[in-house]
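# Chains, contacts and geometry: an overview
In case you want the letters, here they are:
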Amino acid sequence: MANIVIVGTQWGDEGKGKIVDLLAEHADYVVRFQGGNNAGHTMVVAGEQFISHLVPSGILQGKTCFIGNGMVVDPEVLLEEIDYLQKKGIAVGPNKLRISERAHLIMPYHKAIDLAREQMKGAQKIGTTGRGIGPCYEDKVARRGLRFIDLLDQDEFQEKLKVNLEEKNFYLQNFLQSKPLDPMEIIQQYQKMAERLAPYVDNISVTLYDGIRTGRRVMFEGAQGTHLDIDHGTYPFVTSSNTVSGNAACGAGIGPKELNGILGIVKAYTTRVGSGPFVTELFDEIGDRIQKKGAEFGATTGRKRRCGWLDVVMLRNASRLNGLTGLVITKLDVLGGLETLKICTGYDYNGTRLSDFPNSLKVLAACKPIYETLPGWSEDISGIRSYKDLPESTRAYLQRIEVLTETPIDIISVGPGRDETMILKNPFTTK
Ligand code: IMP
(Lines give C-alpha, C1' and ligand atoms only; values in the text may rest on other atoms or scores of the structure.)
Protein backbone atom coordinates (compact mmCIF):
# COMPACT_ATOMS: atom_id res chain seq x y z
CA MET A 1 0.00 0.00 0.00
CA ALA A 2 1.29 3.41 -0.85
CA ASN A 3 -0.22 5.85 1.60
CA ILE A 4 -0.90 5.01 5.24
CA VAL A 5 -2.74 6.89 7.97
CA ILE A 6 -1.78 6.34 11.59
CA VAL A 7 -4.30 7.27 14.27
CA GLY A 8 -4.77 6.76 17.98
CA THR A 9 -7.73 4.60 18.98
CA GLN A 10 -8.08 5.67 22.61
CA TRP A 11 -7.51 9.08 24.27
CA GLY A 12 -4.10 9.76 22.80
CA ASP A 13 -0.67 8.79 24.11
CA GLU A 14 -0.91 5.35 22.49
CA GLY A 15 2.67 5.48 21.25
CA LYS A 16 2.06 6.83 17.76
CA GLY A 17 5.40 8.66 17.67
CA LYS A 18 7.42 5.47 17.90
CA ILE A 19 5.36 3.72 15.21
CA VAL A 20 5.49 6.69 12.82
CA ASP A 21 9.24 6.91 13.33
CA LEU A 22 9.59 3.19 12.70
CA LEU A 23 7.44 3.03 9.58
CA ALA A 24 8.76 6.30 8.20
CA GLU A 25 11.66 4.27 6.83
CA HIS A 26 9.25 3.05 4.13
CA ALA A 27 7.66 6.43 3.41
CA ASP A 28 8.95 9.40 1.42
CA TYR A 29 6.75 12.01 3.03
CA VAL A 30 5.32 12.28 6.54
CA VAL A 31 2.40 14.66 7.13
CA ARG A 32 0.67 15.89 10.25
CA PHE A 33 -2.90 16.90 9.51
CA GLN A 34 -4.46 18.14 12.78
CA GLY A 35 -3.76 19.39 16.27
CA GLY A 36 -0.76 21.35 17.38
CA ASN A 37 1.69 21.33 20.23
CA ASN A 38 -0.90 19.75 22.50
CA ALA A 39 0.60 16.55 21.09
CA GLY A 40 3.86 15.12 22.33
CA HIS A 41 5.39 12.28 20.39
CA THR A 42 8.18 10.45 22.16
CA MET A 43 10.74 8.47 20.19
CA VAL A 44 13.80 6.59 21.35
CA VAL A 45 16.57 6.09 18.83
CA ALA A 46 19.76 4.31 19.83
CA GLY A 47 18.88 4.89 23.49
CA GLU A 48 18.40 8.62 22.99
CA GLN A 49 14.98 10.15 23.61
CA PHE A 50 13.41 12.72 21.28
CA ILE A 51 10.12 14.47 21.91
CA SER A 52 8.39 16.34 19.13
CA HIS A 53 5.27 18.42 19.48
CA LEU A 54 4.85 19.89 16.01
CA VAL A 55 7.42 18.51 13.60
CA PRO A 56 6.23 15.11 12.30
CA SER A 57 8.03 12.16 13.84
CA GLY A 58 9.32 11.12 10.40
CA ILE A 59 12.00 13.81 10.68
CA LEU A 60 14.28 11.41 12.57
CA GLN A 61 14.37 9.11 9.53
CA GLY A 62 15.42 12.03 7.35
CA LYS A 63 12.07 12.14 5.54
CA THR A 64 10.44 15.23 4.10
CA CYS A 65 7.86 16.31 6.64
CA PHE A 66 4.76 18.43 6.22
CA ILE A 67 2.67 20.54 8.57
CA GLY A 68 -0.79 20.35 7.07
CA ASN A 69 -3.46 23.02 6.71
CA GLY A 70 -5.48 21.25 9.42
CA MET A 71 -2.90 22.06 12.06
CA VAL A 72 -2.71 24.97 14.47
CA VAL A 73 0.88 26.08 14.97
CA ASP A 74 2.55 28.10 17.67
CA PRO A 75 5.46 29.55 15.65
CA GLU A 76 7.54 30.14 18.76
CA VAL A 77 7.29 26.49 19.73
CA LEU A 78 7.97 25.41 16.17
CA LEU A 79 11.19 27.44 16.01
CA GLU A 80 12.29 26.09 19.38
CA GLU A 81 11.65 22.57 18.14
CA ILE A 82 13.58 23.16 14.92
CA ASP A 83 16.52 24.45 17.00
CA TYR A 84 16.24 21.52 19.44
CA LEU A 85 16.28 18.94 16.64
CA GLN A 86 19.10 20.70 14.78
CA LYS A 87 21.18 20.74 17.97
CA LYS A 88 20.69 17.01 18.17
CA GLY A 89 22.06 16.68 14.65
CA ILE A 90 18.72 16.20 12.85
CA ALA A 91 18.33 18.07 9.57
CA VAL A 92 15.21 20.25 9.74
CA GLY A 93 15.91 22.80 7.01
CA PRO A 94 13.31 24.11 4.57
CA ASN A 95 14.10 21.19 2.26
CA LYS A 96 12.99 18.76 4.99
CA LEU A 97 10.07 20.61 6.54
CA ARG A 98 7.24 22.24 4.62
CA ILE A 99 4.47 24.22 6.29
CA SER A 100 1.09 24.76 4.71
CA GLU A 101 0.28 28.37 3.87
CA ARG A 102 -3.18 27.59 5.21
CA ALA A 103 -2.16 26.28 8.63
CA HIS A 104 -3.43 28.53 11.42
CA LEU A 105 -1.21 30.44 13.82
CA ILE A 106 -1.61 30.13 17.55
CA MET A 107 -1.40 33.67 18.89
CA PRO A 108 -0.50 34.84 22.42
CA TYR A 109 -4.18 35.63 23.09
CA HIS A 110 -5.15 32.03 22.31
CA LYS A 111 -2.87 30.80 25.04
CA ALA A 112 -3.99 33.49 27.48
CA ILE A 113 -7.66 32.67 26.85
CA ASP A 114 -7.09 28.89 27.15
CA LEU A 115 -5.37 29.26 30.52
CA ALA A 116 -7.69 31.88 31.98
CA ARG A 117 -10.80 29.98 30.93
CA GLU A 118 -9.63 26.74 32.48
CA GLN A 119 -8.79 28.55 35.67
CA MET A 120 -12.21 30.14 35.77
CA LYS A 121 -13.99 26.80 35.23
CA GLY A 122 -12.38 25.26 38.32
CA ALA A 123 -13.72 21.74 38.86
CA GLN A 124 -15.57 21.88 35.51
CA LYS A 125 -12.35 22.39 33.54
CA ILE A 126 -11.59 20.25 30.50
CA GLY A 127 -8.00 19.83 31.59
CA THR A 128 -6.64 21.23 28.33
CA THR A 129 -2.92 21.34 27.67
CA GLY A 130 -3.10 25.15 27.94
CA ARG A 131 -1.43 25.63 24.57
CA GLY A 132 -4.20 27.72 23.02
CA ILE A 133 -5.42 24.92 20.76
CA GLY A 134 -9.17 25.35 21.33
CA PRO A 135 -9.23 29.17 21.06
CA CYS A 136 -7.18 28.99 17.83
CA TYR A 137 -9.59 26.50 16.21
CA GLU A 138 -12.47 28.70 17.39
CA ASP A 139 -11.04 31.62 15.45
CA LYS A 140 -10.48 29.41 12.41
CA VAL A 141 -14.16 28.45 12.35
CA ALA A 142 -15.20 32.03 13.12
CA ARG A 143 -13.20 33.05 10.00
CA ARG A 144 -10.96 35.47 11.82
CA GLY A 145 -7.92 33.24 12.24
CA LEU A 146 -4.42 34.27 11.17
CA ARG A 147 -2.60 31.83 8.92
CA PHE A 148 0.96 31.40 7.72
CA ILE A 149 -0.05 33.08 4.48
CA ASP A 150 -0.96 36.16 6.55
CA LEU A 151 2.28 35.98 8.49
CA LEU A 152 4.16 36.45 5.23
CA ASP A 153 2.11 39.52 4.36
CA GLN A 154 2.83 41.99 7.15
CA ASP A 155 0.15 44.53 6.15
CA GLU A 156 -2.53 41.88 6.17
CA PHE A 157 -1.16 40.43 9.40
CA GLN A 158 -1.12 43.73 11.26
CA GLU A 159 -4.57 44.75 10.09
CA LYS A 160 -6.18 41.44 11.09
CA LEU A 161 -4.29 41.26 14.36
CA LYS A 162 -5.39 44.71 15.47
CA VAL A 163 -9.05 43.94 14.78
CA ASN A 164 -8.81 40.60 16.60
CA LEU A 165 -6.93 41.98 19.55
CA GLU A 166 -9.48 44.66 20.26
CA GLU A 167 -12.10 41.98 20.81
CA LYS A 168 -9.73 39.57 22.60
CA ASN A 169 -8.50 42.22 25.02
CA PHE A 170 -12.05 43.16 25.88
CA TYR A 171 -12.85 39.51 26.57
CA LEU A 172 -9.62 38.91 28.50
CA GLN A 173 -10.06 41.95 30.69
CA ASN A 174 -13.78 42.12 31.25
CA PHE A 175 -14.78 38.50 31.30
CA LEU A 176 -11.70 36.48 32.17
CA GLN A 177 -10.28 39.09 34.56
CA SER A 178 -6.95 38.76 32.82
CA LYS A 179 -4.34 41.15 31.47
CA PRO A 180 -4.71 42.72 28.01
CA LEU A 181 -2.00 42.16 25.39
CA ASP A 182 -0.03 44.77 23.51
CA PRO A 183 -0.46 44.63 19.69
CA MET A 184 2.94 46.15 18.95
CA GLU A 185 4.75 43.55 21.03
CA ILE A 186 2.97 40.75 19.17
CA ILE A 187 3.64 42.34 15.78
CA GLN A 188 7.35 42.65 16.50
CA GLN A 189 7.63 39.12 17.87
CA TYR A 190 5.75 37.57 14.93
CA GLN A 191 7.59 39.65 12.33
CA LYS A 192 10.88 38.26 13.54
CA MET A 193 9.58 34.74 13.42
CA ALA A 194 8.11 35.33 9.95
CA GLU A 195 11.58 36.02 8.59
CA ARG A 196 12.88 32.69 9.83
CA LEU A 197 9.84 30.67 8.87
CA ALA A 198 9.20 32.14 5.40
CA PRO A 199 11.40 29.62 3.53
CA TYR A 200 9.43 26.74 5.02
CA VAL A 201 5.99 27.93 3.93
CA ASP A 202 4.51 26.29 0.85
CA ASN A 203 1.39 25.19 -1.00
CA ILE A 204 1.72 21.68 0.34
CA SER A 205 -1.47 20.35 -1.23
CA VAL A 206 0.22 20.76 -4.62
CA THR A 207 3.52 19.28 -3.43
CA LEU A 208 1.74 16.23 -1.98
CA TYR A 209 -0.41 15.78 -5.08
CA ASP A 210 2.60 15.92 -7.37
CA GLY A 211 4.51 13.59 -5.07
CA ILE A 212 1.74 10.99 -4.95
CA ARG A 213 1.37 11.15 -8.76
CA THR A 214 5.06 10.43 -9.17
CA GLY A 215 5.05 7.46 -6.79
CA ARG A 216 6.02 9.01 -3.46
CA ARG A 217 4.72 7.10 -0.45
CA VAL A 218 3.05 9.18 2.20
CA MET A 219 2.42 8.56 5.87
CA PHE A 220 -0.20 10.64 7.65
CA GLU A 221 0.60 11.06 11.32
CA GLY A 222 -2.42 11.56 13.55
CA ALA A 223 -2.19 13.25 16.94
CA GLN A 224 -4.32 12.70 20.05
CA GLY A 225 -6.80 9.83 19.71
CA THR A 226 -10.22 8.88 18.35
CA HIS A 227 -12.01 9.51 21.65
CA LEU A 228 -10.61 13.05 21.76
CA ASP A 229 -12.12 13.80 18.32
CA ILE A 230 -14.24 16.97 18.34
CA ASP A 231 -17.16 15.17 16.65
CA HIS A 232 -16.79 11.57 17.78
CA GLY A 233 -15.02 11.79 21.14
CA THR A 234 -16.24 12.24 24.68
CA TYR A 235 -17.48 15.78 24.02
CA PRO A 236 -16.87 18.29 25.62
CA PHE A 237 -13.83 16.53 27.12
CA VAL A 238 -12.11 16.41 23.75
CA THR A 239 -9.61 18.35 21.72
CA SER A 240 -10.76 20.83 19.09
CA SER A 241 -9.93 18.97 15.89
CA ASN A 242 -11.02 15.84 14.05
CA THR A 243 -8.54 13.19 15.03
CA VAL A 244 -10.09 10.40 12.96
CA SER A 245 -8.55 9.13 9.74
CA GLY A 246 -11.08 10.87 7.49
CA ASN A 247 -9.48 14.17 8.40
CA ALA A 248 -6.11 13.07 7.04
CA ALA A 249 -7.32 13.99 3.55
CA CYS A 250 -8.92 17.28 4.54
CA GLY A 251 -6.13 18.36 6.89
CA ALA A 252 -3.43 17.71 4.31
CA GLY A 253 -5.27 18.91 1.21
CA ILE A 254 -5.46 15.66 -0.74
CA GLY A 255 -8.38 13.52 -1.95
CA PRO A 256 -9.58 10.61 0.24
CA LYS A 257 -8.97 8.07 -2.51
CA GLU A 258 -5.25 8.47 -1.85
CA LEU A 259 -5.57 6.94 1.64
CA ASN A 260 -4.81 3.25 1.23
CA GLY A 261 -4.31 1.78 4.68
CA ILE A 262 -5.30 2.92 8.15
CA LEU A 263 -3.46 1.72 11.23
CA GLY A 264 -4.98 2.19 14.67
CA ILE A 265 -2.55 2.42 17.54
CA VAL A 266 -3.77 0.67 20.67
CA LYS A 267 -2.01 0.83 23.99
CA ALA A 268 -2.33 -2.62 25.66
CA TYR A 269 -4.28 -0.90 28.42
CA THR A 270 -6.07 2.48 28.53
CA THR A 271 -4.88 5.90 29.70
CA ARG A 272 -6.32 9.36 29.74
CA VAL A 273 -5.03 12.79 30.69
CA GLY A 274 -7.42 15.58 31.53
CA SER A 275 -11.00 15.29 32.68
CA GLY A 276 -13.93 13.20 31.42
CA PRO A 277 -15.49 9.78 31.97
CA PHE A 278 -13.26 6.71 31.77
CA VAL A 279 -15.20 3.46 32.21
CA THR A 280 -12.28 1.09 32.87
CA GLU A 281 -10.27 3.46 35.07
CA LEU A 282 -8.43 1.75 37.92
CA PHE A 283 -8.17 3.36 41.32
CA ASP A 284 -6.28 0.53 42.97
CA GLU A 285 -2.70 -0.68 43.16
CA ILE A 286 -2.94 -2.26 39.70
CA GLY A 287 -3.64 1.17 38.24
CA ASP A 288 -0.69 2.61 40.16
CA ARG A 289 1.52 -0.19 39.02
CA ILE A 290 0.62 0.33 35.35
CA GLN A 291 1.12 4.10 35.74
CA LYS A 292 4.59 3.60 37.20
CA LYS A 293 5.76 0.74 35.00
CA GLY A 294 4.40 2.40 31.87
CA ALA A 295 5.90 5.78 32.92
CA GLU A 296 2.49 7.26 32.22
CA PHE A 297 3.18 10.96 32.36
CA GLY A 298 2.03 13.34 29.59
CA ALA A 299 4.87 14.18 27.16
CA THR A 300 3.50 17.73 26.80
CA THR A 301 2.35 18.70 30.28
CA GLY A 302 4.06 16.12 32.50
CA ARG A 303 0.71 15.33 34.10
CA LYS A 304 0.15 11.85 35.55
CA ARG A 305 -2.04 9.84 33.20
CA ARG A 306 -5.10 8.05 34.53
CA CYS A 307 -4.79 4.30 33.86
CA GLY A 308 -7.24 1.45 33.33
CA TRP A 309 -7.88 -1.87 31.61
CA LEU A 310 -8.17 -2.27 27.86
CA ASP A 311 -11.60 -1.29 26.62
CA VAL A 312 -12.71 -2.99 23.40
CA VAL A 313 -15.99 -1.09 23.31
CA MET A 314 -13.76 1.90 22.57
CA LEU A 315 -11.62 -0.06 20.14
CA ARG A 316 -14.60 -1.27 18.13
CA ASN A 317 -15.81 2.32 18.00
CA ALA A 318 -12.38 3.40 16.76
CA SER A 319 -12.24 0.62 14.20
CA ARG A 320 -15.57 1.67 12.69
CA LEU A 321 -14.96 5.42 12.80
CA ASN A 322 -11.51 5.20 11.23
CA GLY A 323 -12.04 2.23 8.90
CA LEU A 324 -9.01 0.58 10.44
CA THR A 325 -7.19 -1.93 8.28
CA GLY A 326 -4.88 -3.04 11.10
CA LEU A 327 -3.97 -2.54 14.74
CA VAL A 328 -0.66 -1.79 16.38
CA ILE A 329 -0.46 -2.92 20.01
CA THR A 330 1.98 -0.88 22.06
CA LYS A 331 3.44 -1.16 25.57
CA LEU A 332 2.49 -4.83 25.83
CA ASP A 333 5.53 -5.40 28.05
CA VAL A 334 4.00 -3.12 30.72
CA LEU A 335 1.32 -5.73 31.49
CA GLY A 336 3.94 -8.37 32.37
CA GLY A 337 3.87 -9.66 35.94
CA LEU A 338 0.11 -9.34 36.49
CA GLU A 339 -1.58 -12.58 37.47
CA THR A 340 -4.73 -11.88 35.50
CA LEU A 341 -5.72 -9.30 32.90
CA LYS A 342 -9.10 -7.82 32.19
CA ILE A 343 -10.61 -6.73 28.90
CA CYS A 344 -13.79 -4.68 28.90
CA THR A 345 -16.15 -6.21 26.34
CA GLY A 346 -19.34 -4.28 27.09
CA TYR A 347 -20.87 -1.64 29.35
CA ASP A 348 -23.52 -2.17 31.98
CA TYR A 349 -25.84 0.81 31.89
CA ASN A 350 -28.42 0.50 34.66
CA GLY A 351 -28.71 -3.26 34.04
CA THR A 352 -28.68 -3.06 30.24
CA ARG A 353 -25.65 -4.32 28.33
CA LEU A 354 -24.30 -1.83 25.80
CA SER A 355 -21.96 -3.08 23.10
CA ASP A 356 -21.58 0.26 21.33
CA PHE A 357 -19.87 3.31 22.77
CA PRO A 358 -22.68 5.66 23.87
CA ASN A 359 -22.92 9.18 22.48
CA SER A 360 -24.35 10.63 25.67
CA LEU A 361 -21.72 11.61 28.18
CA LYS A 362 -24.24 11.14 30.99
CA VAL A 363 -24.83 7.56 29.90
CA LEU A 364 -21.10 6.94 29.53
CA ALA A 365 -20.40 8.32 32.99
CA ALA A 366 -22.98 5.92 34.46
CA CYS A 367 -21.63 2.84 32.65
CA LYS A 368 -19.86 0.06 34.53
CA PRO A 369 -17.37 -2.16 32.72
CA ILE A 370 -18.25 -5.76 31.89
CA TYR A 371 -14.97 -7.66 31.97
CA GLU A 372 -13.58 -10.83 30.56
CA THR A 373 -10.65 -12.14 32.62
CA LEU A 374 -7.62 -13.70 30.99
CA PRO A 375 -4.46 -15.19 32.48
CA GLY A 376 -1.47 -12.83 32.61
CA TRP A 377 2.20 -13.68 32.09
CA SER A 378 5.11 -13.38 34.46
CA GLU A 379 7.90 -13.25 31.88
CA ASP A 380 9.62 -10.03 30.77
CA ILE A 381 8.69 -9.96 27.08
CA SER A 382 10.65 -6.83 26.16
CA GLY A 383 13.47 -8.90 24.67
CA ILE A 384 11.19 -11.01 22.45
CA ARG A 385 11.31 -10.26 18.71
CA SER A 386 9.17 -13.01 17.25
CA TYR A 387 5.45 -13.58 17.77
CA LYS A 388 5.86 -17.32 18.23
CA ASP A 389 8.28 -16.75 21.12
CA LEU A 390 5.71 -14.80 23.14
CA PRO A 391 4.23 -16.64 26.14
CA GLU A 392 1.02 -18.50 25.32
CA SER A 393 -1.06 -16.21 27.54
CA THR A 394 0.34 -13.12 25.77
CA ARG A 395 -0.65 -14.57 22.41
CA ALA A 396 -4.10 -15.43 23.82
CA TYR A 397 -4.51 -11.80 24.96
CA LEU A 398 -3.61 -10.55 21.48
CA GLN A 399 -5.82 -13.06 19.71
CA ARG A 400 -8.75 -12.07 21.90
CA ILE A 401 -8.26 -8.42 20.92
CA GLU A 402 -8.29 -9.38 17.24
CA VAL A 403 -11.48 -11.40 17.62
CA LEU A 404 -13.30 -8.79 19.68
CA THR A 405 -12.34 -5.87 17.43
CA GLU A 406 -12.59 -7.85 14.18
CA THR A 407 -9.36 -6.16 13.16
CA PRO A 408 -6.00 -7.84 12.59
CA ILE A 409 -2.93 -6.94 14.61
CA ASP A 410 -0.11 -5.88 12.26
CA ILE A 411 2.53 -4.70 14.71
CA ILE A 412 3.37 -5.39 18.37
CA SER A 413 5.60 -3.10 20.42
CA VAL A 414 7.29 -4.33 23.61
CA GLY A 415 9.48 -1.32 24.44
CA PRO A 416 10.25 2.25 23.40
CA GLY A 417 13.19 1.49 21.07
CA ARG A 418 12.82 0.93 17.32
CA ASP A 419 14.06 -2.63 17.63
CA GLU A 420 11.63 -3.54 20.41
CA THR A 421 8.99 -4.31 17.84
CA MET A 422 7.45 -7.26 16.01
CA ILE A 423 6.20 -6.37 12.56
CA LEU A 424 3.77 -9.10 11.51
CA LYS A 425 2.61 -7.16 8.47
CA ASN A 426 4.22 -4.02 7.12
CA PRO A 427 1.42 -1.88 5.68
CA PHE A 428 3.75 -0.24 3.15
CA THR A 429 5.19 -3.43 1.72
CA THR A 430 2.15 -5.74 1.76
CA LYS A 431 -1.15 -5.40 -0.08
P1 IMP B 1 -6.45 20.62 24.25
O2 IMP B 1 -6.20 19.79 23.03
O3 IMP B 1 -5.21 21.24 24.81
O4 IMP B 1 -7.54 21.63 24.03
O5 IMP B 1 -6.99 19.67 25.43
C6 IMP B 1 -8.26 19.03 25.36
C7 IMP B 1 -8.21 17.62 25.91
O8 IMP B 1 -7.43 16.79 25.06
C9 IMP B 1 -7.55 17.51 27.30
O10 IMP B 1 -8.19 16.47 28.03
C11 IMP B 1 -6.12 17.11 26.98
O12 IMP B 1 -5.51 16.44 28.05
C13 IMP B 1 -6.36 16.20 25.79
N14 IMP B 1 -5.20 16.11 24.90
C15 IMP B 1 -4.78 17.00 23.99
N16 IMP B 1 -3.70 16.57 23.34
C17 IMP B 1 -3.42 15.36 23.83
C18 IMP B 1 -2.44 14.38 23.52
O19 IMP B 1 -1.58 14.54 22.64
N20 IMP B 1 -2.49 13.24 24.26
C21 IMP B 1 -3.43 13.01 25.19
N22 IMP B 1 -4.38 13.88 25.50
C23 IMP B 1 -4.39 15.05 24.82
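What comes next is a walk through the structure. (Residues numbered from 1 in each chain as written. Predicted model: local features only at pLDDT ≥ 70, side-chain atom pairs only at ≥ 80, totals over all residues. Heavy atoms only, no water.)

## Overview of the packing of helix α3 (residues 108–121) against helix α4 (residues 133–141)
Defined as follows: In this description, a line fitted to the C-alpha atoms serves as the axis of each element, helices being fitted only across the stretch in contact, and the angle between N-to-C directions of two axes falls anywhere from 0 to 180 degrees. By definition, any uninterrupted DSSP run of H or I lasting at least four residues is a helix, any uninterrupted run of E lasting at least two residues is a strand, and each is numbered from the N terminus. Geometric relationships in this document are graded by angle, where less than 35 degrees denotes roughly parallel, more than 145 denotes roughly antiparallel, 65 to 115 denotes roughly perpendicular, and other angles denote oblique. Crossing handedness follows the turn of the near helix against the far one: under a right angle anticlockwise gives a left-handed crossing, and clockwise gives a right-handed one. Here, residues are in contact when the closest pair of their heavy atoms is within 4.5 Å.
Where α3 contacts α4, the two axes come as close as 7 Å, and the packing angle between them is 120 degrees. Between α3 and α4, the crossing angle belongs to the class labelled oblique. Our pair here, α3 against α4, has a crossing hand that is right-handed. Contact with α3, carried on its side by Tyr-109, His-110, Ile-113, Asp-114 and Arg-117, involves Ile-133, Pro-135, Cys-136, Glu-138 and Asp-139 of α4 and no other residues of that element.

## Focus on the side chain of Ser-245
Our working rule: Polar contact is defined as a pair of N or O atoms within 3.5 Å, subject to the rule that within protein one atom must be able to donate a hydrogen and the other to accept it, and that residues adjacent in sequence are counted only when both atoms are side-chain atoms.
The topology assignment puts Ser-245 in the loop between β10 (218–221) and α9 (246–252). At a separation of 2.8 Å, a polar atom in the side chain of Ser-245 contacts the main-chain carbonyl oxygen of Asn-322. With sequence-adjacent residues up to four places away left out, Ser-245 is seen in contact with Val-5, Val-7, Leu-259, Ile-262 and Asn-322.

## Here's the deal with the site of the ligand
Basically, it comes down to this: What makes a residue near a molecule or strand is one non-hydrogen atom of that residue sitting within 4 Å of it. Surface exposure here means Shrake-Rupley accessible area, sampled with a 1.4 Å probe, where a residue is shielded only by the protein chains that are shown. Each residue gets one label: Ala, Val, Leu, Ile, Met, Phe, Trp, Tyr, Cys and Pro are nonpolar, Asp, Glu, Lys and Arg are charged, and the others, such as Gly, are polar.
Around the ligand, the surrounding shell holds 15 residues, and the nearest of these are Asp-13, Asn-38, Thr-129, Thr-239 and Arg-303. One nitrogen or oxygen atom from the side chain of Thr-239 is found 2.6 Å from an oxygen atom belonging to the ligand. Protein contact buries 97% of the 470 Å² of open area that the ligand shows by itself. In terms of residue class, the shell around the ligand is made up of six nonpolar, seven polar and two charged.

## Looking at the nonpolar core
The test is simple: Joining through side-chain atoms within 4.5 Å is the link that ties buried Ala, Val, Leu, Ile, Met, Phe, Trp, Tyr and Cys residues into a set, and such a set is a nonpolar core. Exposure classes here rest on a 1.4 Å probe applied to the protein chains alone. A residue is buried below 20% of its type maximum, exposed above 50%, and partly exposed in between. Each domain's extent was defined by an automatic or database domain assignment.
By size, the foremost hydrophobic cluster in this structure holds 52 residues, and its most contacted members are Ile-6, Leu-78, Leu-97, Met-107, Phe-148 and Met-219. Per-domain counts for this core show at least three residues from each of domain 1 (3–100 + 202–261) and domain 2 (104–197). In this structure, Phe-148 is in contact with Val-73, Ile-99, Ser-100, Glu-101, Ala-103, His-104, Leu-105, Leu-197 and Val-201, ignoring residues within four places of it in sequence. One finds Ile-212, Phe-220, Leu-335 and Trp-377 within the second-largest nonpolar core, a separate group that totals 49 residues.

## Thoughts on the pattern of salt bridges
Put simply, the test is: Salt bridges, as used here, are contacts in which a Lys or Arg side-chain nitrogen is within 4 Å of a carboxyl oxygen on Asp or Glu.
Scanning the model with the defined rule gives 23 salt bridges in all. Notably, a salt bridge pairs Glu-48 with Lys-88, separated by 2.9 Å at the nearest N-O pair. With a gap of 40 residues between them, Glu-48 in strand β4 (residues 48–52) and Lys-88 in the loop between α2 (75–87) and β7 (97–100) connect regions that are remote in the sequence. Several salt bridges converge on common partners, so that one network encompasses Asp-13, Lys-267, Glu-296, Arg-305 and Lys-331.

## Topic: the state of the cysteines
Spelled out, the test is: Pairs of cysteine sulfur atoms within 2.5 Å are identified as disulfides in what follows.
Per the stated rule, a full pass over the model turns up zero disulfides. No disulfide involves Cys-250; its nearest neighbouring cysteine sulfur is the one of Cys-136, lying 15 Å away. Cys-250 gets classed as exposed once you look at its relative accessible area, which sits at 55%. Cysteine Cys-344 shares no disulfide, and the gap to the nearest cysteine sulfur, in Cys-367, comes to 8.9 Å. Residue Cys-344 is classed as buried on the basis of its relative accessible area, which comes to 0%.

## Brief notes about the pairing of strand β16 (residues 340–349)
Our working definition: Two strands are counted as paired when DSSP detects at least two bridges linking them.
In this sheet, β16 lies alongside strand β14 (residues 310–311) in parallel orientation, the contact comprising two bridges. Directly across from Leu-310, in β16, lies its bridge partner Ile-343. Note that β16 and strand β18 (residues 368–375) share eight bridges and pair antiparallel. Considered in β18, the bridge of Cys-344 is made with Tyr-371. Between β16 and the antiparallel strand that follows it, strand β17 (residues 352–354), lie two residues; Asn-350 among them carries a positive phi value of about 50 degrees.

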